[in-house]
Amino acid sequence: MATAMKYRTLPGTDLQLSAVGFGCWAIGERWWGDDVREEDSLAAVQTALERGINWFDTAPLYGHGRADEVLVKALGAKRHDVVIATKVGVRWDNEGMHAQSHLDPEWIVTDTEASLRRLRLDVIPLLQVHWPCERDTPLEASLEALTRLQEQGKIRYFGLCNYDAQSLARALELAPVASLQTPYSMIRREFENGLRDVVAPRGADGPAAQRVGVLAYEPLARGLLSGKFRAPPRFPDTDLRARDHRFQEPAFSRIRPLVRALELVGQRVDVPPAALAIAWVCTRPGVSVAIAGAKRPAQVEQNVRAVELLSRHRLWEALAPHVDACRP
Ligand SMILES: NC(=O)c1ccc[n+]([C@@H]2O[C@H](COP(=O)([O-])OP(=O)(O)OC[C@H]3O[C@@H](n4cnc5c(N)ncnc54)[C@H](OP(=O)(O)O)[C@@H]3O)[C@@H](O)[C@H]2O)c1
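Rules and cut-offs
Residues numbered from 1 in each chain as written. Predicted model: local features only at pLDDT ≥ 70, side-chain atom pairs only at ≥ 80, totals over all residues. Heavy atoms only, no water. Helix = DSSP H or I, 4+ residues; strand = E, 2+ residues; numbered from the N terminus. Rg over C-alpha atoms; globule rule 2.2 N^0.38 Å. Buried < 20%, exposed > 50% of the residue type's maximum accessible area, 1.4 Å probe, protein only. Contact = heavy atoms within 4.5 Å. Areas by Shrake-Rupley, 256 points an atom, 1.4 Å probe, with all protein chains shown as cover. Lys, Arg positive; Asp, Glu negative; His and termini not counted. Charge placed at Lys NZ, Arg CZ, Asp CG, Glu CD. Phe/Tyr/Trp six-rings, centres within 6.5 Å; stacked < 30°, edge-to-face > 60°. Near = heavy atom within 4 Å. Polar contact = N/O pair within 3.5 Å; in protein donor to acceptor, adjacent residues only side chain to side chain. Nonpolar A, V, L, I, M, F, W, Y, C, P; charged D, E, K, R; others polar. Core = buried A, V, L, I, M, F, W, Y, C linked by side-chain atoms within 4.5 Å. Salt bridge = Lys/Arg side-chain N within 4 Å of Asp/Glu carboxyl O.

Engineer: Is there a simple way to think about the overall build of the protein chain in this case?
Structural biologist: Tallying secondary structure elements over the protein chain gives 10 helices and 14 strands in all. Relative to the 2.2 N^0.38 estimate, which gives 20 Å for 328 residues, the radius of gyration of the protein chain is 19 Å and therefore close to what a compact globule would have. Summarising its shape, the C-alpha atoms of the protein chain cover approximately 50 × 50 × 40 Å along the three principal directions. For the protein chain, buried positions account for 55% of its 328 residues. Counting only contacts in the protein chain whose residues sit at least 6 apart along the sequence, the fraction spanning at least 24 positions is 74%. As presented, the protein chain carries roughly 14,600 Å² of accessible surface, and 50% of it is formed by carbon and sulfur atoms. Distance from the positive charge centre (42 side chains) to the negative charge centre (41 side chains) of the protein chain: 6 Å.

Engineer: Hey, could you run me through the packing of aromatic side chains in this one?
Structural biologist: For any two aromatic rings, the description comes down to two numbers: the centre-to-centre distance and the angle of the planes. The full count for this structure, using the stated rule, is nine aromatic pairs. Note on Trp 25 and Tyr 62: the rings are 5.5 Å apart at their centroids and 20° apart in plane angle, and the pair reads as stacked. You can see Trp 25 sitting in the loop between β3 (20-23) and α1 (38-50) and its partner Tyr 62 sitting in the loop between β4 (55-57) and α2 (66-75), a full 37 residues away along the chain. Three or more aromatic residues link up through ring pairs in this structure, and these residues are Trp 25, Trp 32 and Tyr 62.

Engineer: What am I meant to see in the site of the ligand here?
Structural biologist: Near the ligand, the surroundings consist of 31 residues, among which Asp 57, Lys 228, Arg 241, Lys 295 and Gln 299 are the closest. Between the ligand and His 130, the relevant distance is 3.5 Å, taken from an oxygen atom to a side-chain nitrogen or oxygen of the residue. Here Arg 296 contributes a side-chain N or O atom positioned 3.3 Å from an oxygen atom of the ligand. For the shell around the ligand, the secondary-structure elements that each account for two or more residues are β14 (289-293) and α9 (297-304). In terms of residue class, the shell around the ligand is made up of 13 nonpolar, 10 polar and eight charged.

Engineer: Would you mind showing me how to read the nonpolar core here?
Structural biologist: As a rule of thumb, soluble globular proteins bury nonpolar side chains together. By size, the foremost hydrophobic cluster in this structure holds 100 residues, and its most contacted members are Phe 22, Phe 56 and Leu 225. Sort the elements by how many residues they give to this core and helix α8 (residues 273-282) lands first, with nine residues. Ignoring any residue separated from it by four or fewer positions in sequence, one finds Phe 56 in contact with Phe 22, Cys 24, Val 45, Ala 48, Leu 49, Leu 71, Leu 75, Val 82, Val 83, Ile 84 and Ala 85. Listed in part, the 12 residues of the second largest apolar core include Leu 15, Leu 17, Trp 55 and Ala 178.

Engineer: I tried to follow the pattern of salt bridges on my own but got confused; where do I start?
Structural biologist: Opposite charge on two side chains permits them to pair, given that their charged atoms come into close proximity. Inspection of every chain in the model, using the stated rule, returns 29 salt bridges. A salt bridge links Arg 222 to Glu 218, with the shortest nitrogen-to-oxygen separation between them at 3.3 Å. For Glu 218, a relative accessible area of 13% puts it in the buried group. Residue Asp 244 is joined to Arg 246 by a salt bridge in which the shortest nitrogen-to-oxygen separation is 2.8 Å.

Engineer: It is not clear to me how unusual backbone geometry should be interpreted in this structure. Could you clarify?
Structural biologist: Glycine aside, the phi torsion of most residues is negative, and most peptide linkages are trans. Here the amide bond leading from Glu 249 into Pro 250 is cis, since omega sits at 5°, within 30 degrees of zero. Examined against the element boundaries, Pro 250 turns out to sit in the loop between β13 (213-217) and α7 (251-269). Despite not being glycine, His 64 has its phi angle at roughly 55°, a positive value. Mapped onto the elements of the fold, His 64 is located in the loop between β4 and α2. If you check the backbone angles, Arg 222 has positive phi at about 60° while not being a glycine. Structurally, Arg 222 is set in the loop between β13 and α7.

Engineer: Can you help me understand the side chain of Arg 196 in this one?
Structural biologist: With respect to the secondary-structure elements, Arg 196 resides in helix α6 (residues 195-199). As a buried residue without a salt bridge, Arg 196 has its nearest oppositely charged side chain in Glu 192, at a separation of 4.4 Å. Among residues more than four places away in sequence, those in contact with Arg 196 are Tyr 184, Phe 191, Pro 201, Arg 284 and Pro 285.

Structure below.
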């Protein structure tokens, strides 16, 4: 019997998100190798819906809009019933080769309107600044532009991605920021160094109420924690992982004992390692939900099984020494 999905409300919003969301980067058909097929992507989104996933993280950057097109094709009219979280503020150079963060108010409006058209929506449920950038535009001006879009009804909520603790703290003072999207996995734990204290400040009696929702991305370390790589893989040049040191030595062998532990614990509790890796992220203090990318239905089937583990606290004790051994 399929596991029932669990939902979590982002603080200060009425957004109820499945504990595991669907990340659309790979289905954009660029930067993730040569094996991304539209029919698999459509089926993967379909499986996500069937398993209770109700939010989809995309971006204009993902395949230059291709991820949005595939997502809309897969969702059809259901796109109005789910939470599509997209991003804003990246601009390509003329040849479409280099993306740069660009957060002046005019570009924020232009980029948002392009997303509304591509996603065939009247309102974007959650619009997130893709990367921080204050080179040309003060944070205040970008946040004012987002607040205006919210007042005009073009977006319901807005959030930030990849902000550090200091900039996030400032943004929270300035505007009603609904979410922070940030990397977090068993082998990538910058979130614990300062950011977590901003989203869930600790008082004398333990953590205070969470100030902002946290959407943790890359929980599988780009597939590495799924256990499918027994030796350092060779990716084609079209796959960004060809340039990711974690898939090469010496990092690969340093992480391997953790992956082996995920396999062993997974066998014991009858879940795939990917589900354990995602559940670990979902159960960490300060995290609201996790976003896992997938190219195929079978991957989604494995990833949603993370929800079976959300109350299995003893599992993390067994894994803690292996997770801590992977700290940089
Ligand atoms: N805001 C930002 O700046 C930012 C940055 C990065 C990501 N994100 C978002 O977060 C999402 C998730 O991150 P991510 O996609 O980079 O990394 P991830 O979720 O850690 O890994 C996803 C990849 O792992 C493989 N995979 C997934 N499930 C699997 C399973 N059960 N077994 C084996 N392999 C599996 C697939 O690639 P293969 O099949 O090719 O191995 C998939 O594309 C993205 O899609 C995107 O929406 C946002």
